[in-house]
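Observations on chain architecture
Okay, here's what each chain looks like letter by letter:
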Amino acid sequence: AAAVAAIFYNSSLDADESSEQSSALLIQINRILCSFGINIEITENVLRKMAHFTEYTIMGALLSTTVYLYVHKRGKMLLIALPIGVVVATCDELIQLIPAGRSSELRDVLIDFCGILFAALIVTLITFLRDRRRKGSQ
C-alpha cells in the first residue's frame, strides 16, 4: 500500500513540481556519472522512464511476495499479481491527467508492466530456488 501511495503521490504533482523533483535528482546522477569518468548525460525523459520502471519493480516485488505468501503457488501468484499491477499502472496514468501540465501515456503503462513483470519473475525464481533447496535438504 505504501508503494502504491508513493507512486500515486508522484503522479499527483503538477508539471512544475514533478520537473523540479526530477531536475534535482538528474543533476546528482549526472555528477556521479561524471565523477566515474562516464561521459553520458542522462536526460530528464530517460530519468522519468527509469523512475517508472524502478517504482513498479519495487511495487511488483512487494505485491508478488505478498500474493505468494497467501497462495503458495508461483503460477497463481503471477496470475494475480500481474493484473493487479496493470490496474495500478493504468490508474496511475489516469491520475496524471488531473494535475496541470501532466499527461498520460500508454508507453508508461508498458514500462510499468515491465517493472512488475521483472520483479514477479525474480520472486518466482527466488521461490523456486528456495523450494528446490528445501526439497534437497529433506
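The structure this text deals with has already been given above.
These lines cover the structure that appears in this document, whether it is placed above or below. (Residues numbered from 1 in each chain as written. Predicted model: local features only at pLDDT ≥ 70, side-chain atom pairs only at ≥ 80, totals over all residues. Heavy atoms only, no water.)

Focus on unusual backbone geometry
- For histidine 72, which is not glycine, the phi dihedral falls at a positive 55°.
- In this structure, histidine 72 sits in the loop between α3 (44-71) and α4 (74-95).
- Among the residues examined, histidine 72 registers a relative accessible area of 55% and is labelled exposed. (Helix = DSSP H or I, 4+ residues; strand = E, 2+ residues; numbered from the N terminus. Buried < 20%, exposed > 50% of the residue type's maximum accessible area, 1.4 Å probe, protein only.)

Digging into the packing of α3 against α4
- At a minimum axis separation of 9 Å, α3 and α4 run at an interaxial angle of 140°. When the interaxial angle is binned, α3 and α4 end up oblique. Judged by the twist between their axes, the crossing of α3 over α4 is right-handed. Contacts between α3 and α4 involve His52, Tyr56, Met59, Leu63, Ser64, Val67, Tyr68 and Val71 on the former and, on the latter, Arg74, Lys76, Met77, Ile80, Ala81, Ile84, Gly85, Val88, Ala89, Asp92 and Glu93. (Axes fitted to C-alpha atoms, helices over the stretch in contact; angles between N-to-C directions. Parallel < 35°, antiparallel > 145°, perpendicular 65-115°, else oblique. Left-handed = near helix turned anticlockwise from the far one by under 90°. Contact = heavy atoms within 4.5 Å.)

A short note on the side chain of threonine 124
- By the secondary structure assignment, threonine 124 is in helix α5 (residues 106-136).
- In contact with threonine 124, other than residues within four places in its own chain, are Arg74, Met77 and Leu78.

What about the pattern of salt bridges?
- Tallying each qualifying case throughout the model produces six salt bridges.
- Of the charged contacts in the structure, one is a salt bridge between glutamate 44 and arginine 48, with a shortest N-O distance of 3.0 Å. In this pair, glutamate 44 and arginine 48 both sit in helix α3, four residues apart, roughly one turn of the helix.
- Judged by relative accessible area, which is 24%, glutamate 44 ranks as partly exposed.
- In this structure, the salt-bridge partner of arginine 130 is aspartate 131, at a minimum N-O distance of 2.9 Å.
- Residue aspartate 131 is classed as buried on the basis of its relative accessible area of 18%.
- A single salt-bridge network, built from bridges that share partners, covers Lys49, Glu105, Arg107 and Asp108. (Salt bridge = Lys/Arg side-chain N within 4 Å of Asp/Glu carboxyl O.)

Things to note about the packing of aromatic side chains
- The full count for this structure, using the stated rule, is one aromatic pair.
- Relative to phenylalanine 118, the ring of phenylalanine 53 has its centre 5.8 Å away and its plane inclined at 40°; by these criteria the two rings are tilted. Residue phenylalanine 53 is located in helix α3, and its partner phenylalanine 118 is located in helix α5; the two are separated by 65 residues in the primary sequence.
- For phenylalanine 118, a relative accessible area of 42% puts it in the partly exposed group. (Phe/Tyr/Trp six-rings, centres within 6.5 Å; stacked < 30°, edge-to-face > 60°.)

Purely spatial values, then, with no claim about function.
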